[in-house]
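Structural description and commentary
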Protein chains: 6
Amino acid sequence: MEKGIHNCFLESHGDYSRARAVMIGVPMDFTVSFRPGSRFGPGFIREMSWVLESYSPYLRQDLADISLFDYGDLEMTFGNPEKSLGTIYKMAKKVMGDDRFPVFIGGEHLISLPVVRAAVDKHGNDLVLLHFDAHADLREEYNGESLSHATVIRQCAGYMPPGNIYQFGIRSGTREEFEWGSSNTHFYPFEILGPLSKILDNIKGRSIYVTMDIDVVDPAYAPGTGTPEPGGCTSNEIIEAVHMLRDCNVIGFDLVEVMPYGDPAGITGVLAAKIIREALLTFV
Amino acid sequence: MEKGIHNCFLESHGDYSRARAVMIGVPMDFTVSFRPGSRFGPGFIREMSWVLESYSPYLRQDLADISLFDYGDLEMTFGNPEKSLGTIYKMAKKVMGDDRFPVFIGGEHLISLPVVRAAVDKHGNDLVLLHFDAHADLREEYNGESLSHATVIRQCAGYMPPGNIYQFGIRSGTREEFEWGSSNTHFYPFEILGPLSKILDNIKGRSIYVTMDIDVVDPAYAPGTGTPEPGGCTSNEIIEAVHMLRDCNVIGFDLVEVMPYGDPAGITGVLAAKIIREALLTFV
Amino acid sequence: MEKGIHNCFLESHGDYSRARAVMIGVPMDFTVSFRPGSRFGPGFIREMSWVLESYSPYLRQDLADISLFDYGDLEMTFGNPEKSLGTIYKMAKKVMGDDRFPVFIGGEHLISLPVVRAAVDKHGNDLVLLHFDAHADLREEYNGESLSHATVIRQCAGYMPPGNIYQFGIRSGTREEFEWGSSNTHFYPFEILGPLSKILDNIKGRSIYVTMDIDVVDPAYAPGTGTPEPGGCTSNEIIEAVHMLRDCNVIGFDLVEVMPYGDPAGITGVLAAKIIREALLTFV
Amino acid sequence: MEKGIHNCFLESHGDYSRARAVMIGVPMDFTVSFRPGSRFGPGFIREMSWVLESYSPYLRQDLADISLFDYGDLEMTFGNPEKSLGTIYKMAKKVMGDDRFPVFIGGEHLISLPVVRAAVDKHGNDLVLLHFDAHADLREEYNGESLSHATVIRQCAGYMPPGNIYQFGIRSGTREEFEWGSSNTHFYPFEILGPLSKILDNIKGRSIYVTMDIDVVDPAYAPGTGTPEPGGCTSNEIIEAVHMLRDCNVIGFDLVEVMPYGDPAGITGVLAAKIIREALLTFV
Amino acid sequence: MEKGIHNCFLESHGDYSRARAVMIGVPMDFTVSFRPGSRFGPGFIREMSWVLESYSPYLRQDLADISLFDYGDLEMTFGNPEKSLGTIYKMAKKVMGDDRFPVFIGGEHLISLPVVRAAVDKHGNDLVLLHFDAHADLREEYNGESLSHATVIRQCAGYMPPGNIYQFGIRSGTREEFEWGSSNTHFYPFEILGPLSKILDNIKGRSIYVTMDIDVVDPAYAPGTGTPEPGGCTSNEIIEAVHMLRDCNVIGFDLVEVMPYGDPAGITGVLAAKIIREALLTFV
Amino acid sequence: MEKGIHNCFLESHGDYSRARAVMIGVPMDFTVSFRPGSRFGPGFIREMSWVLESYSPYLRQDLADISLFDYGDLEMTFGNPEKSLGTIYKMAKKVMGDDRFPVFIGGEHLISLPVVRAAVDKHGNDLVLLHFDAHADLREEYNGESLSHATVIRQCAGYMPPGNIYQFGIRSGTREEFEWGSSNTHFYPFEILGPLSKILDNIKGRSIYVTMDIDVVDPAYAPGTGTPEPGGCTSNEIIEAVHMLRDCNVIGFDLVEVMPYGDPAGITGVLAAKIIREALLTFV
C-alpha cells in the first residue's frame, strides 16, 4: 500500500534517484543565545507550504516541473555542535557529489557552515557566498565559543576568501563586526536590492551559494524567528532579491532561523515556503 | 428593562425597520481545505470594532449618522453547504428586497455566491462584481466539489457575464486559473490601486457589488485568515481602494475569511472593522 | 537514499505488507457545530508521540515488538461528508480484509461510523461496540442533518443491535438522548471503570470495537478538543480502562476529537499517543 | 426582523418582564494587583456556554424551563471603583426589588461588595454569606486602598455580622487574614465539601447569598483566572458543592475572576457556564 | 557576592549616583477602556532588549558609552489613579532635580501627565511637547472621568500653552477631538516625518519633552498594544523620527502602551527597546 | 537611590552576606532532545511567585522569616555543556562552602549533576539523593552523548553509591532503564507518597539532597515542561511529599524542567514557586 498524505514539502516526492533538487531539514538550535526553537523550523515550513499553490504566477512555472526529493530531517546530537556539524557536512558532500541541488532548512544559522565547507570543497575559489541577514554573524567567538550562530560567516571566511563574501541587509552587530565586515567582505548594511543589482555582473558565471536568515525580513512579515530585529525588508523585497539571481549559477541554498514559536498564524512558515518555491524555480 | 452592553458592531442598533444598512454574520467555514475557523470571524470583528472610534477622520463622517442594524449571525447547517447557501440566499433576497444596504461578514468566501446571485436577480446584467483577493478562486472544482471556497468566483461567472467581473490583487492560483482569468474576467494580478483607478470610469453608473477577501492584504497586516499569502497590500492601500469607490453606485458588500486563530492581538479584526466602517461611510 | 526523520507515529514504519497494525489519520471536521480543528489531530498526535518512550512500564512491553504501519492521512472531500465517509469506509474494508488491526485517528467522531459499518460487515451480530465519550451522540439529527458528530452512535445503532452498544462516561446530552440511551443501549452515565469491570464477562469472546472520544477525559487533562465538558475522568483512569480489556478480543480501535488548538503544551496529543501505545500493546 | 444568533448565555432571552432569573455581566478589573483581564470574563462565559447542553443530566432538569434574562454587561467607569460599585449597587437593588434571582458575573471579586450590600438591605441579619475562594480576601487594605479585590469579604463584614459569613476552600492569605478569619467568620481553610455538609442544617431557612471565586477550583481545571493558586478542588467537587445547597433558600449568586487570557481552550469558561447552569437549576 | 544575570535593560546598571540617564517602569493600566495589560510593558521591554546589540549601526554609537540606571518599576496603588500619579510625579521631580535624563516606560498613556507636569515645573513656557500617537487623546473626559488614557494630552494642555504642543501621526479620535486639536495644538493627522521636518527649526533651542505611544506605529509592526489602530507608520519611520531630533534639546522621553499580550514573538518589545536605544543615543 | 520593584523571587533580597538560603537560576537547555525553552524557567518562576503570599497556611510560617538571597541567573556557554556544568559546579561549591542552603532552578535536569557532585564533595557517602521525576534518567548515553538530560541520574550514580539514590514517581523510560533502576537504586515507579513514607526512617539523620523534575506532576497541573508525561501526581501530592521531609536533614534542593512555553496562564510557574516556598520553609 502506498502511503497517504504525510508531512512533506509541497509537490515533493520520496525518490532520491530521480531528484534534481534535495531538501534536508536540520533541527539544530542548541548554540542560540536568546530563544531556541528553530529545530521545529523544517516541520513548520513543510506544514505551511500547503497553503501555497505549486504554480508561481511571478515566474509562470510550476514546482511540479522540478523533481524535488524531501529527505526529512537529519538526526542531531543534541548539545554537541561538532558532531552535529559533522552529520550535516557528510550529507552536503553526498548531495553535491551526486550533482543534486541542495536546499538546507534550519535550524540555527550555524548549520550553514558545513554546507559552505562542502561547497568550497567542490568549487574552490570560484565559490561566491551571498549572505542575507539582519545580523553580521562576524564575531570571532560568542561567550567563549567559536562555533556559534553569531560567528558563522566569520567561520566561513576561514574556508574561503572574505572577498568572495557579499553581505546584504545587515542592521545589527557589534562595532567590531561592522568594522571587520567593512574591511573584509562586500558589506552592504541596511540595503538589499540596490547593492545586489550593482554587483550582479561581478558574480555572473561564478558558482554562487546563497545563505538566507529569515530575520533579514522585518519582524512584521516574519515574526517566527529567534532574534527578531525591527527595520528589515518586506516579503516582496526578499522575493525580488531571489528573482534577481535568475541568470546566475546558484549551486546551493539554505534558509535558516525560522521557528514556529511566536507565530500562531504561521505567516513566517508560509513566507519561508514561498521563498523556497521561488528559489527552486529560479535556481534549479 | 433595556439590555446593557452586548456584542454588536460599533454604533449599530437592533431595529431593522429604521435601518439603512444591515450587517449579517455568516459562520460558515466547512468547505475550507486548509485551516477552518472563519466561522468565528463575525464575532471577532464585532468585538474588535470597539477599539475604533465611530468617527472617520479620513472621510470626516461618523458611523452614528448611518442607521446600521446588526442582525447577528445566521444559523448554518454544519457540513451541508447547499442548505447553508440557501439560508444565506434567502436573507440576501430579503434585505435587498427591502432596499437596505447589505454587509455580509464571513465566514469563508463561498458565502459570497448566494449574495451575488441575489444581486444578479435584482440588477441583472447591470451588475458589476469587484473582487479583491490574494487567490483567483476560479477553479471549476476542488477535490471533486464545485461548491468550495476555491471556486466561488468561477461559480459567480455562471450567473453573470465574466466580463462584468473585475479581479484585483490576485497573487495565487493554478496555471489554469491564471489563464482562465486572463481570458475571461478583467484580471489584474498583484496590483490593486493602479488598475482600479483606470477602470473607475467604466463602472461608474453601474450597480456594483464588492466582495473582499481579507487575505488580499499582506499577512503582516492581516495574519488572522485561513490561507495567508505573503506579498499583499498594506492596510492603507486597501482603505484607499474603498475610498476610490466614493462616487460609484455600490449596492452591496461582503468581507470574508477573517478568523481569530493566529491573531492574538486581534489586529485583523480591527482592520476588518475599520474597512467596514470606511465602506459603510463610502457606499451608503 | 532512505528518508531521514519525518513525521510518523513513534516506532512505526512504512511497510504495509509486514504490518500487524495500521494507523490511519482522518482529517475530517466539517460537521462540527462548535469549534473545528480536529483535522489537525492526527499530525498533532504523531508529533507529540515522540515525547514518549516506546516501552510501556505498565505492561512491560515495547511498541517496537508490534509491527505498526503509519499510513498517514486519508484525503477528504472538504464540505462533503458523504464522499468523505465513503473514502474512510473503503479503507476500513481494505485493512480489515487484510486482517490487520486498524487504528483510526480523528478528526471528528463521525469518522467512526464507516469504520463500525465495515466491522459489522465482517463480524455481524457478534460485534460489540464500546463507546467512551462525554457526549451521548445519540441525536437523530442535528440542525437538520443526520450525518453529524452528534448523531454518530445513533447512526451506528442503525447498523447493529443497540443492545450490542455499551456507553461509558456520558455526562452531556439532551433529555431525549439520555432517555433513548437508557432504554436502548447499555448506558452508563458519568462512570467508566465500575460498570466496565462489571460487564467484562459479558463481552469476553465477542468481537469488540472500541471508539473513544478524547473528551471523555476531563478538560484539565485533555484541553485540546472541540467541545470540552468539565467533570471527566483522569489520564490514569482512561489508561486503566484500556488495560482492563487485556483479555478481550478487540478487533479495531479509534480515537477521535483531538485537536491542537487550545493546547499549546500539547498535553492532549501526548495523552492520545499514550492511549494509542497502551491500546496497541493491549489489543494487538 | 428578529435578531439572529448573537452572544447571549445558553437558553437565555431578552425579555426582562417574564424572567425569573437575571444575569448581569460586570466588566470591572481595575483594582487587581497581578493580572487584569477578568473584564472579559462575562463575554467569555457566554461564548463558551454554547459548548454545553441546556439539559443537566445531574439534576434531570433543563435550563429552558427557567426563564433567564441575559442583560449583557454593565457600563463601568474605568479606573474609578467607587462610581463603578455604585452602578452595580443600583442594578442589584433593582433586580432584587423586582424579585428576580440575580446572577452577577465578574469581573474581579470586588464587584460582590455592592451586591451583598443590596442583599443586606433586603434581608438584614437573616442574610448568610457563603464564600468559596482560594484567597481569604480579608485584608483591611491593600497598597493603601480599602476598596480592593483583596479586601472584599472584610468589607462585607462591615455590612453584616462576621458570624453570618462562611468561608470555604481558602488556601492563601497573610497570617493576619488567617487569624482574623479564624476568630471572626466560619473559616474552613483547604476544605469545601466536608465543612459544607456539616453547616447545612445551620443555614437552612436563612436567606443565603453565594459568592464564588473561580480560583477556588484548582488551576488545572480553571487556568483562566488572575491569581491561580495550586491545590484547589476539582470541577466535580465544586459542582457537588452547588448541588448540596439544593434545599436551601439561596437568594443570589455571583461567580467572579474568570478571564480568557491563559486559557486558549476555554475550559474555564465552560466550567463557569456549567457551574452557572447547575446553580440556576439548583437555586431558582 | 555580586548578583548574576537579572532582568534589567540592555547595558544598564544599578548605580544611580553615576548615571546620566534613568529608566523608570510604570506598571499602571487601570484607566484603560478596552484591553488592560500594559502594566507588564516595562518588564517585557527589558526582557526583549537583550535581543539587540548595544551598538547602533545607525548612529555608530554604543549604549555602553551612556551611563544608564534602570530603577525597575514604581509601586502603583491599583485602582487609584490619583495616588499613582502622585507617585510618578514625585519620581519625575527627583530625577529632573538631579539633572538626570528621565525615560519613563508605560504603562498606559496617562502616566505621561505627571512627568509633563514636572517638566513644566522646571522649564516653564520654554517647554515644548512632541506627541507621537495614533489617538488624539484630547477628550475632556472619558466615561465621566477626566483622568484617563484618552484625556492625557488635553490634561497636559491645562499645564502648558496648547500652542507648545505638537501632535504627529494621529489617525483616530472623535470629531470634537479633531476639531479641538486643529484649533489649539500643532495638529498633524496621519503624517509624521513630513511635518516634523518642517517644524524642527521652530523648536530648536527649546526644551523638548517627547511622549510616544507605541500605537503610532502600525499594528503589523507593533501588535502588542491595547488599542491597535491600522494605518500607522513603519518601524523605520519612527526610528527616523527619533533621529531627526538629533540637534534638539530633548530633556525627557516616555514610551507608553506597550504590552506583551497578543505579541507572542515579542516584536513590539524589541521595537520598543530599539526605539529607546536610539532615543538614548540621540537625546542624551 | 534604592532600586524599585524588579524581577526577583517573592520576599528575597540582594544581600548574600546575611542570607541563609541562596537561589540560583540556571538557564541551560541545550542537551534536550524534544522541546527546548527551560532556560526561561527561572525568570518565569520569579515572575509568577508574586501571585503567592509569602505566608504558608500549611506550615503557618512566612518566607519573610527566612533570609533568601536571589542571585539571578548564571551565565551559560550556549552549546557547550562541559563549560556550563563547570560554571554551575563552581557556584555550588561556593554556596555550600559558605554554609548557605542552595536552591538551584533549572533549566534542564542535567544541571543537577554538578550540584550533586559538589554535595558529594562535602558530604561523601553520607549523602542521600531523593529523585522525583516522571522519567528514570538512567540512560548511559543519549544519541551518543553521556552528558544529557536523559542520563543525569545514571551520571550521579558514578559519583555516589547507587544504593544512596531513591527514585519516586518514575513512569517513563526504556526497558533497560527500568531494569537498571530496579537492580541498583531504590526504584519506586508510579508512586510517591507511599514509598516515601516507608523509607523516611532510613534516611533520617543522613545528609539529603532533593532533585525534583516538575514533570513528576501530571501535565494537567504542570503543562509548562519540555516532555510532559500523562499520569503523574497532583499539586497537593507533591507539596505533601515536601512536607513529609520535615524532620530530615535536607542540605540542598533543585527544581528543574519548568518552562513557560505552552503554559499561557503560568500555572506551572506558580506551582513551582509554591513548591519552592514550601521547600524553603520545610528544609531551611
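This write-up is about the structure you can find in this document.

Calculation rules
- Residues numbered from 1 in each chain as written.
- Chains lettered and ligands numbered in written order.
- Predicted model: local features only at pLDDT ≥ 70, side-chain atom pairs only at ≥ 80, totals over all residues.
- Heavy atoms only, no water.
- Contact = heavy atoms within 4.5 Å.
- Buried area = accessible area lost by both parts, 1.4 Å probe.
- Salt bridge = Lys/Arg side-chain N within 4 Å of Asp/Glu carboxyl O.
- Polar contact = N/O pair within 3.5 Å; in protein donor to acceptor, adjacent residues only side chain to side chain.
- Nonpolar A, V, L, I, M, F, W, Y, C, P; charged D, E, K, R; others polar.
- Buried < 20%, exposed > 50% of the residue type's maximum accessible area, 1.4 Å probe, protein only.
- Helix = DSSP H or I, 4+ residues; strand = E, 2+ residues; numbered from the N terminus.
- Pairing = 2+ DSSP bridges.
- Right-handed = clockwise from strand over helix to strand, strands pointing away.
- Axes fitted to C-alpha atoms, helices over the stretch in contact; angles between N-to-C directions.
- Least-squares fit on C-alpha atoms with pLDDT ≥ 70 in both.

Turning our attention to the interface of chain D and chain E. Listed as interface residues are 23 residues of chain D and, on the opposing side, 23 residues of chain E. Together chain D and chain E conceal approximately 1800 Å² of surface at their shared face, both sides included; 49% is due to carbon and sulfur atoms. Here chain D is connected to chain E by two salt bridges. Taking the shortest distance from any N to any O, the salt bridge between lysine 83 of chain E and glutamate 145 of chain D comes out at 3.7 Å. On inspection of chain D and its partner chain E, the count reaches eleven residue pairs in polar contact (both at pLDDT 80 or more). Considered class by class, the residues forming the side of chain D that touches chain E number nine nonpolar, eight polar and six charged.

Residue and element names in this part refer to chain C. Summarising burial for strand β7 (residues 165-170): six of the six residues are buried, a large majority. Sheet analysis places strand β6 (residues 127-132) next to β7, joined by four bridges and oriented parallel. Directly across from histidine 131, in β7, lies its bridge partner glutamine 167. In this structure, β7 lies alongside strand β8 (residues 186-189), joined through four bridges in parallel fashion. Across the sheet, isoleucine 170 pairs through a bridge with proline 189, a residue of β8. A crossover connection joins β7 to the parallel β8 through helix α5 (residues 175-184); in handedness this β-α-β unit is right-handed.

Right, let's talk about the sheet that holds strand β7 (residues 165-170) of chain F for a bit. All names here are of chain F. Spatially, the eight strands line up as an open sheet ordered β4-β1-β5-β10-β9-β6-β7-β8, and their pairing is parallel. Where the open sheet ends on each side, the last strands, each with one partner, are β4 (68-73) and β8 (186-189). Geometrically, the sheet is characterised by an average inter-axis angle of 15 degrees between neighbouring strands, direction not taken into account. Judged from the seven bridges that link them, strand β9 (residues 207-213) and strand β10 (residues 249-256) form a sheet pairing that is parallel. Along β10, the bridge assignment pairs serine 207 with asparagine 249. Relative to the sheet, helix α2 (residues 81-97) contacts β1 (21-26), β4 and β5 (101-106), its axis offset from that of β5 by approximately 155 degrees.

Now for the arrangement of the chains. Nowhere do chain A and chain D come into contact; their C-alpha atoms are at least 12 Å apart. At no point do chain C and chain E touch; the closest pair of C-alpha atoms across them sits 12 Å apart.

Least-squares fitting of chain F to chain A yields an RMSD of 0.0 Å, with the superposition described by an axial translation of 0.0 Å and a rotation of 180 degrees. Here the transformation between the copies is reduced to the relation of a two-fold axis. By C-alpha distance to the rotation axis, the residue of chain F lying nearest is phenylalanine 30 of chain F, at 2.4 Å. Residue by residue, 100% of the interface of chain F is reproduced at the interface of chain A, so both copies engage with the same surface.

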